[in-house]
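Close look at the chain arrangement
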Amino acid sequence: MGWYEVSDGEVTLSPLTLSDVDDHLAGEDDALARWLNGGRGTRETVEAHLRRCTREWEADGPIRAFGIRIGALAMLAGTVEVQFDQPYLAADQVNISYGIYPAWRGRGLAARAVQLACQHAIARGASRAVIRTDARNPASAAVARRAGFVHLGRQTEEDAVETDWFERRLPG
């Protein structure tokens, strides 16, 4: 089925599933809704999203949505996606996006999750990872820098949002 888990001993990335609906809804705040999710989720929209995530995993699709899980109880602290085969990327690049729930912010978990996401990307053959952040979101840019990404520049996206692009070469 292509299921995958990667861990550093405390932070574990494992596929998002329908069992994550309640934890995601409880963790989503205005910041996640604004910067990552495109608006507040409802039970219906989150369930639909998680079903799509499961189908992507089952079909070995290009989007790998992980839950960021903490400790032995695998508490859901946020999400990270590794997106392969995106039209705005070169063939060897992946896009990484992430969000941490408010109760878990400020602990370095996002940068650790990005490191683990890079391990997954390497295992799947990627040689470069990209993080695109809204220029008005310095916290997300700080995560990219802490995870070893270099700022490439700023561009205006189709939706007129100014986006900072960061890249990291991945060891092969």
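Look above for the structure.
Criteria and thresholds
Residues numbered from 1 in each chain as written. Predicted model: local features only at pLDDT ≥ 70, side-chain atom pairs only at ≥ 80, totals over all residues. Heavy atoms only, no water. Pairing = 2+ DSSP bridges. Helix = DSSP H or I, 4+ residues; strand = E, 2+ residues; numbered from the N terminus. Contact = heavy atoms within 4.5 Å. Axes fitted to C-alpha atoms, helices over the stretch in contact; angles between N-to-C directions. Core = buried A, V, L, I, M, F, W, Y, C linked by side-chain atoms within 4.5 Å. Buried < 20%, exposed > 50% of the residue type's maximum accessible area, 1.4 Å probe, protein only.

1. Thoughts on the sheet that holds strand β7 (residues 150-156)
Pairing is mixed in the open sheet, where eight strands are placed in the order β1-β2-β3-β4-β5-β6-β8-β7. Only two strands of the sheet have a single partner each, and these edge strands are β1 (6-7) and β7. The strands that helix α3 (residues 43-58) touches are β2 (11-15), β3 (63-70) and β4 (75-83); relative to β3, the one it contacts most, it runs at about 110°. Relative to strand β5 (residues 93-100), helix α4 (residues 109-123) is tilted by about 150°, and along the sheet it contacts β1, β2, β3, β4, β5, β6 (128-134) and β8 (162-169).

2. Quick word on the nonpolar core
Nonpolar side chains in soluble globular proteins tend to end up buried together. Counting residues in each nonpolar core, the largest one holds 44 residues, and the members touching the most others are Leu13, Ile96, Tyr98, Val114 and Phe149. Of all elements in the fold, only β2, α3, β3, β4, β5, α4, β6 and α5 (138-146) reach the threshold of two or more residues within this core. At nine residues, the largest contribution of residues to this core is made by α4. Those residues in contact with Leu13 that sit more than four places away from it in its chain are Tyr4, Glu5, Val6, Phe66, Gly67, Ile68, Val80, Ala113, Leu116 and Ala117.

Note that all results are geometric; they support no functional claim without further evidence.
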